[in-house]
Each structure stands twice: as C-alpha cells, then as structure tokens.
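Below, each chain spelled out in residue letters.
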Amino acid sequence: MSKPVYTSIPPTTDNVYWLLKSWDGKTSIYVPRDKELDRALKVKFQAEVASRTSPKRKKDNR
C-alpha cells in the first residue's frame, strides 16, 4: 500500500497522518506522525494566506 500524498493538513479522522496520544486517560491530543511533513504543510498554508492578503492591508497594520 502506498502512502497518501498530502497537499494540506488533513482532518483528525485521518489515522495515517495523525497519532492519538493520551496522558492520563482523560486528556488526549492528536500528534502528526511525520513532523517534517506537518511543518512543510504549515509553511505552505502560511504562504498561501500571506499571498491572499492585500499589500494595502499589510501597510495599514504597521
């Protein structure tokens, strides 16, 4: 079986991407299995958001 190709961070229902960790039986957190892939997808998403922000708006927030 081949690994899926991710172009964005998938929902937490994707058990191939996410690992469910539990500390005390009550608290649980989803952790990406491949931290490098997760970081690359986050950087890509941030670049997409930045490209959608208008230059005028960027100047006004300074």
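(A) Layout of the environment of Leu37. Positionally, Leu37 belongs in helix H1 (residues 35–52). Here Leu37 falls in the partly exposed class, since its relative accessible area comes to 27%. Remark: the alpha-carbon pair of Leu37 and Ile9, spanning 28 residues in sequence, is separated by 9.2 Å. Discounting residues that sit within four places of it in the chain, Leu37 has contacts with Tyr6 and Tyr17.

(B) Molecular detail of the pairing of strand S1 (residues 18–22). Relative to strand S2 (residues 28–32), S1 is paired through five bridges, and the arrangement is antiparallel. Paired with Lys21 across the strands is Ile29, a residue of S2. Here S1 folds back onto S2 in antiparallel fashion, the turn holding five residues, of which Gly25 has a positive phi close to 85°.

Conventions adopted
- Residues numbered from 1 in each chain as written.
- Predicted model: local features only at pLDDT ≥ 70, side-chain atom pairs only at ≥ 80, totals over all residues.
- Heavy atoms only, no water.
- Helix = DSSP H or I, 4+ residues; strand = E, 2+ residues; numbered from the N terminus.
- Buried < 20%, exposed > 50% of the residue type's maximum accessible area, 1.4 Å probe, protein only.
- Contact = heavy atoms within 4.5 Å.
- Pairing = 2+ DSSP bridges.

Note that all results are geometric; they support no functional claim without further evidence.
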